[in-house]
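Residues per chain, in single letters:
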Amino acid sequence: ATLLQWCRRLPEELLLELPDLPLAAAIAAGLTGHSGHERRGFLALAEQARGANPERWGPYQDTGLGIARMTWVEHDLGEAIRVGRRAVVIAREGVPEAAVTALASLGFLLFLDGGLDEARALVEETLEHAEVTARPHGFVYALAICSLIEAEIGDPAASEEDARRAVAEAGAAGVAETAPGGAAHVALAAALAAQGMLAEAEREAVLGERLRRATEPEAGHLHALLVLAEKGCADLTRLQQEALAGG
């Protein structure tokens, strides 16, 4: 929130001169559930900066742009996966500080697309990465995705263990109130529901949906809405309509 406040006040000329700023602001806007319009505006400035100041643009910025574009998917999932694959290649080749988030973000997209084996391989690579504990957003996200995959393939006990670890890590790292923290609660809801603990699952799903909420239809929020709807939410019709409205 502090970063966003500063970037809103800085002149556009400075944001174009320092592309790391609009990139960071775009990611911060997404993590904190701010307007998609604002996130897209900062991304547009970052892309403009790439052309205006190419000497300040390199693999780190390319990876950051890819992460921002694939973490919040509003339209074409296939295109987001293509962007994500490129970001992961760049990160693996020389941007280790961004690899954890890039790998986890692509893993979630592949999970949504039904590519469970590849998604799991990416998540396992994320959790084994040397930078994983230093990158709490990506760490928590990877644990949550691992949990979702385990619930999907019929291993609810392992799913619950990873989801509870994700929730705990989010709290310890101070990222509990962000989108990855929300993903952890959504995953825990799925794990609990698979074991018949529906009341607790619904509580977790409600919390997860709130933390994943976006001002415009977005894939991570739609997934949270669908998980919440499946757990017997009292306002099931509204949630289903919101999910369908987002495609």
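What counts and what doesn't
Residues numbered from 1 in each chain as written. Predicted model: local features only at pLDDT ≥ 70, side-chain atom pairs only at ≥ 80, totals over all residues. Heavy atoms only, no water. Helix = DSSP H or I, 4+ residues; strand = E, 2+ residues; numbered from the N terminus. Areas by Shrake-Rupley, 256 points an atom, 1.4 Å probe, with all protein chains shown as cover. Lys, Arg positive; Asp, Glu negative; His and termini not counted. Charge placed at Lys NZ, Arg CZ, Asp CG, Glu CD. Axes fitted to C-alpha atoms, helices over the stretch in contact; angles between N-to-C directions. Parallel < 35°, antiparallel > 145°, perpendicular 65-115°, else oblique. Left-handed = near helix turned anticlockwise from the far one by under 90°. Contact = heavy atoms within 4.5 Å. Nonpolar A, V, L, I, M, F, W, Y, C, P; charged D, E, K, R; others polar. Phe/Tyr/Trp six-rings, centres within 6.5 Å; stacked < 30°, edge-to-face > 60°. Buried < 20%, exposed > 50% of the residue type's maximum accessible area, 1.4 Å probe, protein only.

Q: I keep staring at the overall build of the protein and nothing clicks. Help me out?
A: Within the protein, the regular secondary structure consists of 14 helices and zero strands. When the elements of the protein are put in sequence order from the N terminus, they spell out α-α-α-α-α-α-α-α-α-α-α-α-α-α. With the C-alpha coordinates aligned to their principal axes, the bounding extent of the protein is approximately 55 × 35 × 35 Å. Summed over all atoms, the accessible surface of the protein reaches about 11,200 Å², with 53% contributed by carbon and sulfur. If you average the places of the 21 positive and of the 37 negative side-chain charges in the protein, the two averages end up 4 Å apart.

Q: How should I be thinking about the packing of helix H5 (residues 59-71) against helix H7 (residues 96-112) in this particular structure?
A: Helix-helix packing: each pair is described by the crossing angle between the helix axes and the interaxial distance. For the pair H5 and H7, interaxial distance at closest approach is 10 Å and the crossing angle is 25 degrees. It follows that H5 is roughly parallel to H7 by the angle criterion. H7 is crossed by H5, and the crossing has left-handed handedness. Contacts from Tyr-60, Thr-63, Ile-67, Met-70 and Thr-71 of H5 reach H7 at Glu-97, Ala-98, Thr-101, Ala-102, Ser-105, Leu-106 and Leu-109. When grouped by side-chain class, the residues that make up the contact of H5 with H7 number seven nonpolar, four polar and one charged.

Q: When you look at the side chain of Glu-38 in this model, what are you seeing that I'm missing?
A: By the secondary structure assignment, Glu-38 is in helix H4 (residues 36-52). If sequence neighbours within four positions are ignored, Glu-38 has contacts with Leu-4, Arg-8 and Ala-29.

Q: Would you explain the environment of Val-132 in this entry?
A: On the secondary structure map, Val-132 appears in the loop between helix H8 (116-128) and helix H9 (136-152). With 69 residues separating them along the chain, Val-132 and Ala-201 place their C-alpha atoms 28 Å apart. Once you skip the residues sitting within four places of it in the chain, Val-132 turns out to touch Val-100, Thr-126, Leu-127 and Phe-139.

Q: What should I look at first to understand the packing of aromatic side chains in this one?
A: How two aromatic rings sit relative to each other is set out by the distance from centre to centre and by the angle between their planes. Applying the stated criterion across every chain, the model contains two aromatic pairs. Seen in terms of ring centroids, Phe-108 and Phe-111 are 6.3 Å apart; in terms of plane orientation they differ by 25 degrees. Their pairing is stacked. In this pair, Phe-108 and Phe-111 are both assigned in helix H7, three residues apart and thus about one turn of the helix distant. Its relative accessible area of 3% is what places Phe-108 among the buried residues.

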